[in-house]
Structure formats: structure tokens, C-alpha cells
Amino acid sequence: MGKCYLLPVSAAEPPSEPSLFEQLGGEPELRRIVTRFVDRVMGDVMIGFFFARVDRSRLIQRELEFSARHLGADIPYTGRTMPAAHAPHHIMGAHFMRRLQILKETLKELQVSPHIAQHWIDHTMKLLPQITTHPASECAAPLPAGEVSEKVL
């Protein structure tokens, strides 16, 4: 009979699931998405004015770093904190929601996997109180028929 040898058990951890960043396709794919998103935001008729004096390539780089971090990449974010970066701009809830809508449309257009897109959207919504003190929707409940709001008068 032949000899049987036991192989040593490795202390290494089992391979972990790839990060959302890796699942997305890494830096090249994230750069493609962020570039399209920034182009759409900067050209938007509702919020583009916020970016009139912003350096496009710098904004793309900061968005890429920020997005890479929340998607699980080990890429440092070199920008300012969210409150520090956004406080001077008087961003309203509707502005925030417009940016979110552009993000959703961009993720869909570029066919980002639904679970990655949902993570990105959820992460963005968590940032709302850091970006603006205004509610996400400033619409009031409808008035009963025949009544007119004093705000309209």
C-alpha cells in the first residue's frame, strides 16, 4: 500500500467576494460612469449653474475617488468633507433630488448592475443631511377643492 500524506492546513482566509468596485469593472468602468454623470450634471438646466466655475477634470477625479471608496476600493478620497464642500452653495432639497435623478438615469443608461446601482443610490441618500438642511421634497399636501394657498396670493 502507498503512503498517505496529510497536507498542512493553510491559515489563510478563504477568498472573499469581490467588492462592488471590482464587480463594476474597477477604475476604468467607474471613470466612464463618473465622467458621463459629471457631464450630465454640469450641463443640466436645473443644477448645472452650481458647476459653472468648477474644474471638470478635478470634479471627475473627486467623484471617482468618493465613489470608489463607497464601492469598496482602497482608493483615498482627497476632497473636502461633504458639509465643507457644499455649505457655501445653498443647495435645496430639490437640487439634491435632481442630482440623484441624474445619477439614477446615468447608472441605468450605462447598464450598471441593479445591486450596485441600488447601493450607490442608497449611499447618496444617506448624504442628504450633509449636503442640505432642506427636505428632499418641499411639496405640501394638496388643498381641498376650492381652497387657495396664502402662499399663492
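Summarised in this report is the structure supplied together with it. Quick caveat: nothing in here was measured; it's all calculated off a predicted structure.

The rules we used
Residues numbered from 1 in each chain as written. Predicted model: local features only at pLDDT ≥ 70, side-chain atom pairs only at ≥ 80, totals over all residues. Heavy atoms only, no water. Salt bridge = Lys/Arg side-chain N within 4 Å of Asp/Glu carboxyl O. Helix = DSSP H or I, 4+ residues; strand = E, 2+ residues; numbered from the N terminus. Axes fitted to C-alpha atoms, helices over the stretch in contact; angles between N-to-C directions. Parallel < 35°, antiparallel > 145°, perpendicular 65-115°, else oblique. Contact = heavy atoms within 4.5 Å. Core = buried A, V, L, I, M, F, W, Y, C linked by side-chain atoms within 4.5 Å. Buried < 20%, exposed > 50% of the residue type's maximum accessible area, 1.4 Å probe, protein only. Expected span 1.5 Å × (residues − 1). Arc of directions from axis to C-beta. Phe/Tyr/Trp six-rings, centres within 6.5 Å; stacked < 30°, edge-to-face > 60°. Polar contact = N/O pair within 3.5 Å; in protein donor to acceptor, adjacent residues only side chain to side chain.

Summed over all chains, the structure comprises 10 salt bridges. Taking the shortest distance from any N to any O, the salt bridge between Arg40 and Glu109 comes out at 3.7 Å. Taken together, the positions of Arg40 in helix H2 (residues 26-42) and Glu109 in helix H5 (residues 93-109) put the pair 69 residues apart, joining distant regions of the chain. One salt-bridge network, in which partners are shared between bridges, spans Arg36, Arg40, Glu105 and Glu109.

Our focus in this paragraph is the packing of H5 against helix H6 (residues 114-126). Packing of H5 against H6 leaves a shortest axis separation of 10 Å and a crossing angle of 170 degrees. Between H5 and H6, the interaxial angle falls into the category roughly antiparallel. The segment H5 lies against H6, with Phe96, Met97, Arg99, Leu100, Leu103, Lys104 and Leu107 engaging Ala117, Trp120, Ile121, Thr124 and Met125.

Let us look at the side chain of Glu65. Here Glu65 shows up in helix H3 (residues 56-70). Here Glu65 is in contact with Ile75, Pro76, Tyr77, Thr78 and Gly79, once residues within four sequence places are set aside.

Moving on, we get to the nonpolar core. In this structure, Leu24, Leu30, Ile33, Leu71, Leu107, Val112 and Trp120 are the most contacted members of the largest nonpolar core, which totals 34 residues. Of all the elements in the fold, those that place two or more residues in this core are helix H1 (20-24), H2, H3, H5, H6 and helix H7 (128-131). When residues of this core are assigned to their parent elements, the largest contribution, six residues, is made by H2. Sequence-distant contacts of Leu30, that is, excluding residues within four places in its chain, are made with Phe21, Leu24, Leu64, Ser67, Ala68, Leu71 and Trp120.

This paragraph deals with H2. Across its 17 residues, H2 extends 24 Å between first and last C-alpha, which sits within 8% of the 24 Å expected from 1.5 Å per residue. Residues of H2 that are buried include every one of Gly26, Glu29, Leu30, Ile33, Val34, Phe37, Val38 and Val41, and no others. Buried residues of H2, seen end-on, are gathered within an arc of 165 degrees and therefore sit on one face of the element. In this fold, the buried residues of H2 make contact with H1, H3, H5 and H6.

Positive phi, close to 50 degrees, is recorded for His90, a residue that is not glycine. Its place among the elements puts His90 in the loop between helix H4 (82-86) and H5. Using a relative accessible area of 64% as the deciding quantity, one classes His90 as exposed. At Gln111, a position not held by glycine, the phi torsion is positive, near 55 degrees. Among the structural elements, Gln111 can be located in the loop between H5 and H6.

In the structure shown here, the tally under the stated rule is two aromatic pairs. Geometrically, the ring pair formed by Phe66 and Tyr77 is edge-to-face, given 5.3 Å between the ring centres and 70 degrees between the ring planes. A residue pair is termed long-range when its members are at least 10 positions apart, and Phe66 in helix H3 and Tyr77 in the loop between H3 and H4 qualify at 11 residues.

A few words now on the environment of Arg40. The partly exposed category is assigned to Arg40, whose relative accessible area is 22%. Between the C-alpha atoms of Arg40 and Leu103, which are 63 residues apart in sequence, the distance is 8.9 Å. Setting aside residues no more than four positions away along its own chain, Arg40 makes contact with Ile102, Glu105, Thr106 and Glu109. Within the structure, Arg40 has its side chain in polar contact with the side chain of Glu105 (distance 2.6 Å).

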